[in-house]
Amino acid sequence: ENVSATDIFEGYPLKISGIAFAGKTGYRFYSDPECHNEAEPTSPGTYYMVAKSEGDDNYLPIESAPCHFSVIKIIPVQLLISLKSDSVTALSLITASDISAESKNNDGSFSEIPFSDIEIRYQRGEKLLFGDNFITVSYLGFTERVNINVIKADYDLSGIKWINTDFVYDGSEKRAELSG
């Protein structure tokens, strides 16, 4: 039976089909259809395979016609974003502890995307503001709008006090200061 190989994704094992009637079967791989340049099919591209059967006492050695197959580069096809919390605080920035990002790839696998590789755009300016309801996350040309719940910032101001607040009106500008 003629030998054949199916296209594979980069890093996946090659699937070869065919029947050898006798002897040990070996395979050689080439980068050109004339089968002059041997090359292991390890990086993306088109390859050609020839099967050789050594034969035995009853059969002569045989070599197949070249069959071609491709090694396909694994690339992202979709950006997936999820928030790790139900809400985020106003006046803050999104950090790695707030969000996770992964890509779905053309081979069906998923890859985690490092936080440093994504770009985050806020709805109104350079940080989250109370009332914002989404952020935009971008990675390698993919953009995903992520709905968020921004809650009011809650600061403990118990140690803060006004100082220099005793003034006598003399017509000049006066300023009090916050301390703490």
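Residues numbered from 1 in each chain as written. Predicted model: local features only at pLDDT ≥ 70, side-chain atom pairs only at ≥ 80, totals over all residues. Heavy atoms only, no water.

Caption draft 1: Main features of the overall build of the chain. Along the backbone of the chain there are 0 helices and 17 strands. C-alpha extents for the chain along the principal axes are approximately 120 × 30 × 25 Å. Total accessible area on the chain stands at roughly 12,500 Å², and carbon and sulfur atoms take up 49% of it. Each charge sign in the chain was given a centre, from 15 positive and 27 negative side chains, and these centres are 9 Å apart. (Helix = DSSP H or I, 4+ residues; strand = E, 2+ residues; numbered from the N terminus. Areas by Shrake-Rupley, 256 points an atom, 1.4 Å probe, with all protein chains shown as cover. Lys, Arg positive; Asp, Glu negative; His and termini not counted. Charge placed at Lys NZ, Arg CZ, Asp CG, Glu CD.)

Caption draft 2: Expanded view of unusual backbone geometry. Despite not being glycine, L91 shows a phi value in the positive range, around 70°. Within the fold, L91 resides in the loop between strand 9 (88-89) and strand 10 (99-105). Under the relative-accessibility criterion, L91 is labelled partly exposed at 48%. Phi is positive for N164, close to 55°, though the residue is something other than glycine. Exposure remark for N164: the relative accessible area of 46% places this residue in the partly exposed category. (Buried < 20%, exposed > 50% of the residue type's maximum accessible area, 1.4 Å probe, protein only.)

Caption draft 3: A look at the sheet that holds strand 12 (residues 119-122). Taken together, the 3 strands give an open sheet; going across it, the order is 12-13-14, and neighbouring strands pair in antiparallel fashion. The open sheet has two edge strands, strand 12 and strand 14 (142-147), and neither has a second partner. Strand after strand, the sheet turns through a mean of 25° between neighbouring axes, direction not considered. When strand 12 meets strand 13 (residues 134-139), the two strands line up antiparallel, connected through 4 bridges. The residue of strand 13 that forms the bridge with Y122 is I135. (Pairing = 2+ DSSP bridges. Axes fitted to C-alpha atoms, helices over the stretch in contact; angles between N-to-C directions.)

Caption draft 4: Inspection of the sheet that holds strand 10 at higher detail. Read from one edge to the other, the open sheet built from 3 strands follows the order 8-10-11, with strand pairing classed as antiparallel. Of all strands in the sheet, those bounded by a partner on one side alone are strand 8 (76-83) and strand 11 (110-112). The sheet shows a mean angle of 30° between the axes of neighbouring strands, direction not considered. Sheet analysis places strand 8 next to strand 10, joined by 7 bridges and oriented antiparallel. The partner of Q78 across the bridge, within strand 10, is K104.

Caption draft 5: Here's a closer look at the packing of aromatic side chains. Throughout the structure, instances matching the rule amount to 3 aromatic pairs. Seen from their ring centres, F29 and F69 are 6.1 Å apart, and the 85° between their planes marks the pair as edge-to-face. Of this pair, F29 sits in strand 4 (residues 25-30) while F69 is found in strand 7 (residues 67-72), placing the two residues 40 residues apart along the sequence. Since its relative accessible area comes to 12%, F29 is described here as buried. Plain terms: the ring middles of Y47 and F69 are 6.0 Å apart, the flat faces sit at 25° to each other, and that makes the pair stacked. (Phe/Tyr/Trp six-rings, centres within 6.5 Å; stacked < 30°, edge-to-face > 60°.)

Caption draft 6: Main features of the nonpolar core. I94, I118, L128, I135 and V137 are the most contacted members of the largest nonpolar core, which has 18 residues in total. Elements that contribute at least two residues to this core include exactly strand 8, strand 10, strand 12 and strand 13. At 3 residues, the largest contribution of residues to this core is made by strand 13. When sequence neighbours within four positions are dropped, the list of residues in contact with I135 reads I94, I99, I120, R121, Y122, L128, E144, R145, V146 and I148. The next biggest cluster of nonpolar side chains, apart from the first, holds 10 residues, and it includes I8, Y47, C67 and F69. (Core = buried A, V, L, I, M, F, W, Y, C linked by side-chain atoms within 4.5 Å. Contact = heavy atoms within 4.5 Å.)

Caption draft 7: Just the confidence of the model for the chain, in detail. Of all residues in the chain, 98% have pLDDT values of 70 or greater, and the mean over the chain is 90. For the chain, the element scoring lowest by mean pLDDT is strand 3 (residues 16-17), at 84; strand 11 scores highest, at 97. (pLDDT = per-residue confidence, 0-100.)

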